[in-house]
Amino acid sequence: MEMVRGLARAALGVYVKEMKIWLRYPTWMLAFIALPYMLSGLFNGIGYSIAGPRAVENFARNTGVSNPFLFYTLGTALLLATEVLLQDVAYSIRREQLLGTFELHYLAPAPTWLIWILYLFPHSTIMVIVLLATTLPVLAFSGVLSSPIDFLYACSVLVLGMLPLLGIALALAALVVRYKEPGAVVSLVQSVVILLSGYFYPLTVFPAWVSALSQALPTTHVVSILRSLLLAGEGVNSLDRRLLTLLALAVAYPVIGLYSYRRWESEARRRGELSKY
């Protein structure tokens, strides 16, 4: 029971600290909320400037979606949420290292890997606010949410999609503990995720082997399922192959991430490199 209370105190401490930092700069949230609308407007404007009145018709023929504004708004909102979740554990560790408070986390009544996972919860709170503020007005205006079941299913897919990202974030955190500077690796992973997730285009534009590689990314399936549900009106399908694949990734990635973190943290301990920045 004492261990549970200790974990609860650690979780509350991390959550309150990170939320205070976010709320200290509320304009960041406004920027995140505005960005999907700005990018969607930019892409639509470029399309109209090139194709004129046939822009929407061309878009529907190439993507199977008749609402380009909703297509790009949803894609950009999901992209922002993914990028924040992928990078925040690694950059949180790096920030603590540079502030000289990294070692203090080892005094907490919880494993360090769990503490770094706890950093995702306040950032996830912000991303949920951003996602809802960004997508709900467009979805309501477009009338694509036909029932509360569709909304709950979409939320469930988002939560399920966060679990594999948690594993990837832990693997990136392991590299920070071992090699310190996260920028290059995090940027590389983010670039691959952006390229292969289909946020701004259907994956059918790629060769078959690239599309096959993209199936290893959880974001590919999240984007595909949500577009099918919200843009194509396919409805809920609990036996969807994409959902089953996402379930498998939700198990595999956290296991791989936890193994990577514990291995590299142990290596850093052995080499005496935990306090080298």
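Scroll up for the structure.
First, a word on what this report is: a plain description of the structure on this page. Predicted, not measured: the structure shown is a model, and the values here were computed from it. Here, residues in each chain are numbered from 1, in the same order as that chain's written sequence. This being a predicted model, a pLDDT of at least 70 is required before a residue's local features are given, and a value of 80 or more before pairs of side-chain atoms are given or counted; all residues contribute to the totals for chains, interfaces and linings. Side-chain calculation: all heavy atoms of the structure are included, whereas hydrogens and water are not.

**Considerations on the environment of Leu 231**
Piece 1. Numbering of helices and strands starts at the N terminus; helices are DSSP runs of H or I of at least 4 residues and strands are runs of E of at least 2. Note on placement: Leu 231 falls in the loop between α10 (218-230) and α11 (241-271).
Piece 2. Sequence separation between Leu 231 and Ile 149 is 82 residues; the distance between their C-alpha atoms is 15 Å.

**Brief notes about the packing of aromatic side chains**
Piece 1. Two aromatic rings from Phe, Tyr or Trp, using only the six-membered ring of Trp, form a pair when their centres are within 6.5 Å; if the ring planes differ by under 30 degrees the pair is stacked, by over 60 it is edge-to-face, and anything between is tilted. The full count for this structure, using the stated rule, is ten aromatic pairs.
Piece 2. Seen from their ring centres, Phe 59 and Tyr 72 are 5.6 Å apart, and the 55° between their planes marks the pair as tilted. Taken together, the residues span a long stretch of sequence, with Phe 59 in helix α3 (residues 55-63) and Tyr 72 in helix α4 (residues 68-99) at a distance of 13 residues.
Piece 3. Accessible area is worked out with a 1.4 Å probe on protein chains only. A residue is then buried under 20% of its type maximum, exposed over 50%, and partly exposed in between. Judged by relative accessible area, which is 14%, Tyr 72 ranks as buried.
Piece 4. Plain terms: the ring middles of Trp 116 and Tyr 119 are 5.3 Å apart, the flat faces sit at 35° to each other, and that makes the pair tilted. Both residues of the pair, Trp 116 and Tyr 119, belong to the buried class.
Piece 5. Among the aromatic residues, those joined into a cluster by ring pairs are Phe 43, Phe 59, Phe 71, Tyr 72 and Phe 200.
Piece 6. To sit over a ring, a charge needs its Lys NZ or Arg CZ within 6 Å of the ring centre and within 35 degrees of the ring normal. Above the ring of Trp 264, the side-chain terminus of Arg 263 is found at 4.8 Å from the ring centroid.

**What about a nonpolar patch on the surface?**
Piece 1. Patch members must show over 30% relative accessible area and no salt bridge, and they are joined within 9 Å when carrying like charges or within 5 Å when they are nonpolar side chains of Val, Leu, Ile, Met, Phe, Trp or Tyr. For the accessible areas, the method is Shrake-Rupley and the probe is 1.4 Å, while residue cover comes only from the protein chains on display. The term salt bridge refers to a pairing of a side-chain nitrogen on Lys or Arg with a carboxyl oxygen on Asp or Glu at a separation within 4 Å. Judged by side-chain polarity, Leu 42, Ile 46 and Ile 50 come together as a nonpolar surface patch covering roughly 310 Å² of accessible area.
Piece 2. Relative to the helices and strands, Ile 46 is located in helix α2 (residues 27-51).
Piece 3. Owing to a relative accessible area of 39%, Ile 46 belongs among the partly exposed residues under this scheme.

**A few points about the side chain of His 221**
Piece 1. Secondary-structure assignment places His 221 in helix α10.
Piece 2. In protein, a polar contact requires one atom able to donate a hydrogen and another able to accept it; more generally it is a pair of N or O atoms within 3.5 Å, and residues adjacent in sequence count only if both atoms are side-chain atoms. A polar contact is formed between the side chain of His 221 and the backbone oxygen of Gln 215, at a distance of 2.8 Å.
Piece 3. Other than its neighbours up to four places away in sequence, His 221 contacts Gln 215, Arg 242, Thr 245, Leu 246 and Leu 249. Note on contacts: a residue pair is in contact if any heavy atoms of the two residues lie within 4.5 Å.

**Let's talk about helix α6 (residues 120-142)**
Piece 1. By this rule the span expected of a helix is its residue count minus one, scaled by 1.5 Å. Here α6 spans 31 Å end to end across 23 residues, near enough to the 33 Å set by a 1.5 Å rise per residue.
Piece 2. Note on bend: at a given residue it equals the angle between the axes fitted to the 7 residues ending there and to the 7 starting there. In the structure, α6 departs most strongly from a straight axis at Thr 135, where the bend amounts to approximately 30° and where the proline Pro 137 lies between one and four residues downstream.
Piece 3. All buried positions along α6 are accounted for by Leu 120, Pro 122, His 123, Ser 124, Ile 126, Met 127, Val 130, Leu 131, Thr 134, Thr 135, Val 138 and Leu 139.

**Re the packing of α6 against helix α7 (residues 148-179)**
The geometry of a pair of packed helices is captured by two quantities: the angle between their axes and the separation between those axes.
Piece 1. The contact between α6 and α7 brings their axes to 13 Å, and the two run at 145°. As for how α6 packs across α7, the hand of that crossing is right-handed. Taken together, the residues of α7 that come into contact with α6 (itself represented by Leu 120, Ser 124, Val 128, Leu 131, Leu 132 and Leu 136) are Phe 151, Leu 158, Met 162 and Leu 166.
Piece 2. Residue classes follow a fixed rule: Ala, Val, Leu, Ile, Met, Phe, Trp, Tyr, Cys and Pro count as nonpolar, while Asp, Glu, Lys and Arg count as charged, and any other residue, Gly among them, counts as polar. Within the contact of α6 with α7, the residues separate by chemical class into nine nonpolar, one polar and no charged. All axes are obtained by fitting lines to C-alpha atoms, using only the stretch in contact for helices, and the reported angles, taken between N-to-C directions, cover 0 to 180 degrees. The handedness criterion is simple: a crossing whose near helix is rotated anticlockwise from the far helix by less than a right angle is left-handed, and one whose near helix is rotated clockwise is right-handed.

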